[in-house]
Each structure stands twice: as C-alpha cells, then as structure tokens.
Amino acid sequence: MEHPENNEEYKGLQVNEGVQQPSIINPYLKRGRYRRHEYTVDEMVEGILKGDVTILSQAVTLVESINPDHYAKAQEVINKCLPYSGKSVRIGISGVPGAGKSTSIDQFGCHVLDRTGGKLAVLAIDPSSERSKGSILGDKTRMEKLTQRDGAFIRPSPTAGSLGGVARKTRETIILCEAAGYDKIFVETVGVGQSETACHSMVDFFLLIQLSGQGDELQGIKRGIMEISDGIAINKCDGNNVDKCQMAATSLRNALHFFPMPASGWTPKVLCYSGFFGNGIKEVWDMIFQYIDFVKANGYFDIRRNEQAKYWMYESINEQLRNSFYNNDIIQERMSKAEERVLRGEMTSFTAAQILLDTYFDDLKGLRIRKEGY
C-alpha cells in the first residue's frame, strides 16, 4: 500500500502536516546592494599615515587593480606617501616550495617583534593558476601566532602572471606599508628556481631558505639564486635530520667559496635552524642585524636602495610599453590576422611580430603628427 497510514488498521493514528519551514531569505536583510565607502585620495593618504589597517588594505587593493581608473588614483596615493617611505628594513625570504617559508616567517615575525618592537608587514606572494588565473592565498593560515599580534600586517597577493617570484605591484605596496609606519617588511616569494630573482631587487637583505639533501657543492654552484643571497638558512634542523642539515651547510659553505665577493663586501653565512620548533631563530636574526649594520657603515645600504629605484624605473617603462602595445586598437584588430597567417605557415613568428611592432610605432608617429599639427 502506498500510504499505510490511511489503512483502517491505523485509524486511531493522526498524521500531522509538519512544521512549516522558514523562508531562506533573511527578513531583516536590507534591500539594495551594500556599497563600501569609496575614499578620496586625501582621505586614503591620511588614513595610511595614521596606520589605519582597513584603509591600507583598500589602498593595496587599489594598487593591484588592473582598472585604468584605479591605476591613476593609486599612483596619486603612492606619490603622496612617497615622502614618508624608505625608513624600514626590507627582508626578502625565498626558497624552494615546501622549504618552510611561511612557517619560518611566523617564528621570525614573533621573534623580531619581541626583540625590537615596532610594526611588521608581511607581503606573502601566492602563485596564480595558468588555467583558472586564480590564487589560493593561503599562506596566512600557516602564520597562526603572527596573525594574533597587534603590530603585524599580513597581506597575501597573487603573482597575476608576474615572473620573478613576486607580484608586479609588491614594490609599490612596500611604499604604502612604510608610510603606514611599518619599520620591518618581509617579502615572501612563491618559491623560486635558479634564475627568478626579482625579489632581490626590492629588499635590503635576501635570505635563502634551503633544505638538506639537495645536492653537493656542484649543485650549489649551479643555483644562480645563491649568488645573490646575503644569507642562507637550512630549515628543518631537528630530530634525526640534524646531521644531514650540518652536512648540507658544509656543502653550501664550500660552494660559496667559488662565487666572487659580493659588492657589499659581506661574506654570506650558512646557518641551520628549525622553523617548526623555533631552534636557531635568534642566530638567524643576529646574522641579519649584523649585515644591516655592516652595509650601513660602509655605505652600501644607500647604494643598493638607489640601484633598486633605478631598476624599477626601467621595469615600469617595460610594463607601460607592453600594456600600451596590447591595448592599442589597431594592434588588437590586426593581432588575430597575424596569428592566422602564422598558423597557416604564410609567415614566421618573428616576421609577424616585426610587422605588428612597425604598425604600432607608425600609429604612434601619426598620433604625434596630428597632435603637433605638422
């Protein structure tokens, strides 16, 4: 029987209709979309200088935006914050994926805040997917202790197609953090290879985190990133792994002898520590403070800052030229036709590229003539 409750045998039973389910829509929800208050440039700069974390976060989002209108406003904010920047110690932390960079930053950050006080900003860079273009931005979950500190600001950012292990806007974000009063800044890369070393061009001290069992002296020589490292720290030196870490440290010290003396005059040191248990953290920071005092005494600190400013000027030029080329209306119109001719084998890739570049420069020349009237 389909409905046994209707049988005469159960006529003494009563079937209730049940409890009416409430609506899935919150009756107290205000109609209309909530719009966040949009700060003006002056309001944003004032909030950053006061150390307002909310306004600082919105300013960083503005800097990372690819909207042309946002770009103009972000540059205005950066220019007004620039006089208040440059007073921090910038430390880059790099290494292979899984070396323990995020866990180490949690220990490093708590140690340096307890030791020197002040404020710490962590710019954690997360790789973007080549397929979905999205990023997990999950490095913050490994910094449980640091997220509870009042003087810490942790900002994960996607690479968004940038090479070099850092986001394209990280350099500008550093200026905003310095203007907000953060006197120590960590830049964590996505995990670099042998040649992706853009992080070195925006920090004062470049720390390379290594693991044991990654090869002998010859492999160390082939790692181009070791040549620009100011210090090397071998992580996970605990338990049964202590002897292996000490042997790896010896191999890396031997490899460093084959590199020329750095321009700073500082000989990079190789130390062992445990980011999980916190062993050897003090020794790593003693090395960093010694380096900063050393380069400030011999004048290399200012030389490196000037070289970095010049480097990023040229990088900005390259980025602007690239964006101008791909956003040109004539180039966008002819790009697909050039692709089809290359795929059909009618011309080589190099010839197609040269034709598109010539078209772009001719368009710029015609625009200049129209503006100047001759």
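Just so you know, these numbers come straight off a predicted model, no measurement behind them. (Residues numbered from 1 in each chain as written. Predicted model: local features only at pLDDT ≥ 70, side-chain atom pairs only at ≥ 80, totals over all residues. Heavy atoms only, no water.)

Just to check I follow, could you spell out the overall build of the protein for this structure?
Looking only at helices and strands, one finds 12 helices and seven strands in the protein. In the protein, which comprises 374 residues, the proportion classed as buried is 41%. Of all intrachain contacts in the protein linking residues separated by at least 6 positions in sequence, the fraction that spans at least 24 positions is 75%. Of the roughly 22,400 Å² that the protein leaves accessible, carbon and sulfur atoms contribute 53%. (Helix = DSSP H or I, 4+ residues; strand = E, 2+ residues; numbered from the N terminus. Buried < 20%, exposed > 50% of the residue type's maximum accessible area, 1.4 Å probe, protein only. Contact = heavy atoms within 4.5 Å. Areas by Shrake-Rupley, 256 points an atom, 1.4 Å probe, with all protein chains shown as cover.)

Is there a simple way to think about the side chain of Ser 201 in this case?
Checked against the element boundaries, Ser 201 lands in the loop between β4 (184–188) and β5 (205–210). Overall, Ser 201 belongs to the buried group, its relative accessible area being 11%. Residues in contact with Ser 201, not counting those within four places in the same chain, are Gln 308, Tyr 311 and Trp 312.

How should helix α4 (residues 101–116) be read in this particular structure?
One turn of the α-helix equals 3.6 residues, which is why residues spaced by three or four share an orientation. Relative to the 22 Å expected for 16 residues at 1.5 Å per residue, α4 spans 21 Å between its end C-alpha atoms, a close match to the ideal helical length. Turning to α4, its buried residues number three or more, namely Lys 101, Ser 102, Ser 104, Ile 105, Asp 106, Gln 107, Phe 108, Gly 109, Cys 110, Val 112 and Leu 113. Phi for Gly 117, located one or two positions after α4, is positive at around 75°. (Expected span 1.5 Å × (residues − 1).)

Explanation requested: a nonpolar patch on the surface in the structure shown.
Together, Met 313, Tyr 314, Ile 317 and Leu 321 make up a nonpolar patch on the protein surface, roughly 400 Å² of accessible area in all. Inspection of the secondary structure puts Ile 317 in helix α10 (residues 300–326). (Patch = residues over 30% accessible without salt bridge, like charges linked within 9 Å, V, L, I, M, F, W, Y side chains within 5 Å. Salt bridge = Lys/Arg side-chain N within 4 Å of Asp/Glu carboxyl O.)

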